[in-house]
Number of protein chains: 2
Amino acid sequence: MRIAVVGIGLMGRPVAQRLVDAGHEVAVHSRRKESAEAVLAAGASWADSAAAAGDGADLAITVLPDPDTVEAAVLGPSGLLAAAAPPAVVADMSTSPPQLARRLAAAGSERGVAALDAPVSGGPMGAAAGTLTIMAGGSPEAFARARPAFEVLGTPVLIGGPGTGQSVKLVNQLLIGGIAGGIADAWALGEALGLDPEVVAGVVGRGLGTGPLLEFMWPRLIRGDLAPGFKVDHMIKDLALALAEGDEHGLDLAAGRSARERYRWLSGAGGGDLGTQALYRHAVRDRADAPTVEEDDRP
Amino acid sequence: MRIAVVGIGLMGRPVAQRLVDAGHEVAVHSRRKESAEAVLAAGASWADSAAAAGDGADLAITVLPDPDTVEAAVLGPSGLLAAAAPPAVVADMSTSPPQLARRLAAAGSERGVAALDAPVSGGPMGAAAGTLTIMAGGSPEAFARARPAFEVLGTPVLIGGPGTGQSVKLVNQLLIGGIAGGIADAWALGEALGLDPEVVAGVVGRGLGTGPLLEFMWPRLIRGDLAPGFKVDHMIKDLALALAEGDEHGLDLAAGRSARERYRWLSGAGGGDLGTQALYRHAVRDRADAPTVEEDDRP
């Protein structure tokens, strides 16, 4: 397959790499060419614009940090739909508003391009290992065409029409925000009460409070590792999207709002690039012995 | 072993029943004798006071709804320590403040009684099946003496000195409160966006947002089952204890506070006896088509 990957960041890099490794013909475009060096060395080709990357492609994948950038990469003057021969399918793997997914689908259909929203869970490690979950929204036909590439990256699931993949992703992020809030509180209280965090993990891990996010975060907290699997600033963006959907439907999503407020505080205090496990810093911020966010205890 | 069980409610009943079934000599006391009918029929004996139940016992277990009742059952004029021959070990399986556990331990030692705090996770089903996790605080000697009875009920873990079992339990409840908040938000948003909750569970269940609490709550939400595994009012009590500990240590436990506020609203709206999975009702309360809390959709 001829595949364009637009956006070679933390996520786009392993996505492109894996597609190259699987033998696909991959063209990449990114804001900074340097970030693509490794995939270019591995056999991908460089394009000076999204349009050039996607020209004549079977599938173009966008993996970008925010909705505006996605919109520009698809609908902009040098975006994918502006190519002489636009890609047959455009799949947005970024977490974007469902409305944007529907707008891209509508704009695409005018040019004969099938659009899919295809946000993922699993992070860079999941992309590198081919174990992402891909939450797709769009037509079954577009899904079928993208599927061979998606299966190189993980497990694709077609939820429904345009926007439904993004909707499920936002539900997932709300859930994760709530759990992260609980983990932050639990960590802060356990530490304040002088409990051995290994013992706490052993006991709590036997009950209803356990789960893969705890299993991811807790050992990192024990060793003081706040390096990002998923960045605070990205979580703020995703929660904002979820809360905006909630507002539109008259919902009061209090756990998500609480998590967003805490993450915003953390970002404002200089922790936007930390991993989401750093949230406990908010809970302990008024303690006399609280570490400052700037204190570099990252390994 | 001669064992007293004080408090024959939702939890005390299966605890006493299982100890009877394991061949222990069990005396029970409870506020209302009727609630003990089944365990009396199974071979337990009735006592008119905690003191009478615990007289000459190897172990007395309290399983009571709140700290005041625990205090009265142990330290009161007809409490366990007032028996002619007080029990060798008193274990409080209720969720109580760590301070109370330390006070009971101090009062016990004056009468030659070893006190353990021994709160549990696993609920009535876990008690009936003998799969509780028992978080114990106290001396290794007291733990060793109580252990044969504890092992009938589940897996006992000695955390440390008096109060440490309660501390771990409060950490566990904070975690559960946060997760429950996330599940409430996720359910409310998924429903508002018209997503099939079975599909959402399938996708979310593959990622970091999954875990046993989601697996417990989600199918119940799908079938509209708000019957309690764990009651809203009990969660409010546990979160209050955890938040009080947090206050004492200068912590801002925002996820726990948010969950408590929502559960309080739910209780105030008549849902105190619902299961904790009913929390989503708070998120949707302002929607035009929101069900009232009183609407009985319990099976």
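Residues numbered from 1 in each chain as written. Chains lettered and ligands numbered in written order. Predicted model: local features only at pLDDT ≥ 70, side-chain atom pairs only at ≥ 80, totals over all residues. Heavy atoms only, no water.

### So, the overall build of chain A
- The secondary structure content of chain A amounts to 13 helices and nine strands.
- Relative to the globule expectation of 19 Å for 299 residues, the C-alpha radius of gyration of chain A, 20 Å, shows essentially globular dimensions.
- Principal axes of the C-alpha set define a box for chain A whose edges measure 65 × 45 × 35 Å.
- A buried classification covers 59% of the 299 residues belonging to chain A.
- If you take every contact in chain A between residues at least 6 apart in sequence, the share linking residues at least 24 apart comes to 64%.
- Roughly 11,000 Å² of accessible area belongs to chain A as shown, and the carbon and sulfur atoms make up 51% of that amount.
- Distance between charge centres in chain A, computed from 25 positive and 35 negative side chains, equals 1 Å. (Helix = DSSP H or I, 4+ residues; strand = E, 2+ residues; numbered from the N terminus. Rg over C-alpha atoms; globule rule 2.2 N^0.38 Å. Buried < 20%, exposed > 50% of the residue type's maximum accessible area, 1.4 Å probe, protein only. Contact = heavy atoms within 4.5 Å. Areas by Shrake-Rupley, 256 points an atom, 1.4 Å probe, with all protein chains shown as cover. Lys, Arg positive; Asp, Glu negative; His and termini not counted. Charge placed at Lys NZ, Arg CZ, Asp CG, Glu CD.)

### Quick word on the UniProt feature "active site" (unreviewed entry) in chain A
Residues and elements named next belong to chain A.
- Mapped onto the present numbering, the UniProt feature "active site" (unreviewed entry) falls at Lys169.
- Within the element layout of this structure, Lys169 appears in helix 8 (residues 164-192).
- A relative accessible area of 6% places Lys169 in the buried class.
- Filtering out sequence-adjacent residues up to four positions away, Lys169 remains in contact with Thr95, Pro119, Val120, Met135 and Asp238. (UniProt positions renumbered as here; feature names shortened; annotations may be inferred.)

### Observations concerning the relation of the copies chain A and chain B
- Superposition record for chain A on chain B: RMSD 0.0 Å, screw rotation 180°, translation along axis 0.0 Å. This pairing of chains is accounted for by a two-fold axis.
- When you check the interface residues of chain A against chain B, 100% turn up at the interface there too, and the contact is symmetric in its surfaces. (Least-squares fit on C-alpha atoms with pLDDT ≥ 70 in both.)

### Let's talk about the interface of chain A and chain B
- Of the residues lining the interface, 62 residues belong to chain A; the matching set on chain B comes to 62 residues.
- Across the chain A to chain B interface the summed buried area is about 5,000 Å²; carbon plus sulfur atoms make up 72%.
- Of all residues in chain A, Leu175, Leu189 and Leu208 of chain A give up the largest surface area on contact with chain B, accounting jointly for 13% of the area buried on that side.
- Linking chain A with chain B are two salt bridges.
- Measuring nitrogen to oxygen at the nearest pair gives 2.9 Å for the salt bridge that ties Arg285 of chain A to Asp252 of chain B.
- Remark: the boundary between chain A and chain B carries 16 residue pairs in polar contact (both at pLDDT 80 or more).
- Counting only elements with at least two residues in the side of chain A that touches chain B, the list comes to strand 8 (132-137), strand 9 (154-160), helix 8, helix 9 (197-204), helix 10 (212-222), helix 11 (232-248), helix 12 (254-271) and helix 13 (280-283) of chain A.
- The dominant element in the side of chain A that touches chain B, judged by the number of residues it contributes, is helix 8 of chain A, at 20 residues.
- Split into classes, the residues belonging to the side of chain A that touches chain B amount to 34 nonpolar, 20 polar and eight charged. (Buried area = accessible area lost by both parts, 1.4 Å probe. Salt bridge = Lys/Arg side-chain N within 4 Å of Asp/Glu carboxyl O. Polar contact = N/O pair within 3.5 Å; in protein donor to acceptor, adjacent residues only side chain to side chain. Nonpolar A, V, L, I, M, F, W, Y, C, P; charged D, E, K, R; others polar.)

### So, empty space enclosed by the protein
- For the structure shown, the criterion picks out four cavities of 30 Å³ or more.
- Size it by volume and the largest cavity reaches roughly 70 Å³.
- Together, 17 residues line the largest cavity, and Ile179, Thr210 and Gly211 of chain A together with Ile179 and Thr210 of chain B are the ones closest to its centre.
- Sorting the residues of the lining of the largest cavity by element identifies helix 8 and helix 10 of chain A together with helix 8 (164-192) and helix 10 (212-222) of chain B as the ones contributing at least two each. (1 Å grid on protein atoms, 1.4 Å probe; cavity = no way out; pocket = protein on both sides within 12 Å on 5 of 7 lines; lining within 4 Å. Points joined across faces, edges and corners; volume = space filled by probe spheres on them.)

### Comments concerning the confidence of the model for chain A
- Here chain A averages 95 in pLDDT, and 97% of its residues register 70 or above.
- Overall fold confidence (pTM) sits at 0.93, and the ipTM for the predicted complex is 0.93. (pLDDT = per-residue confidence, 0-100.)

### Comments concerning helix 1 (residues 12-21) of chain A
- If you check which residues of helix 1 of chain A are buried, you get Gly12, Pro14, Val15, Ala16, Leu19 and Val20 of chain A.
- Positioned one or two residues after helix 1 of chain A, Gly23 of chain A has a phi angle of 95°, which is positive.

### Quick look at the environment of Pro197 of chain A
Residues and elements named next belong to chain A.
- You can see Pro197 is positioned in helix 9.
- Residues Pro197 and Ser96 lie 101 residues apart in sequence; the distance between their C-alpha atoms is 36 Å.
- Ignoring anything within four residues of it in the chain, the contact list for Pro197 reads Trp187, Trp218 and Ile222.

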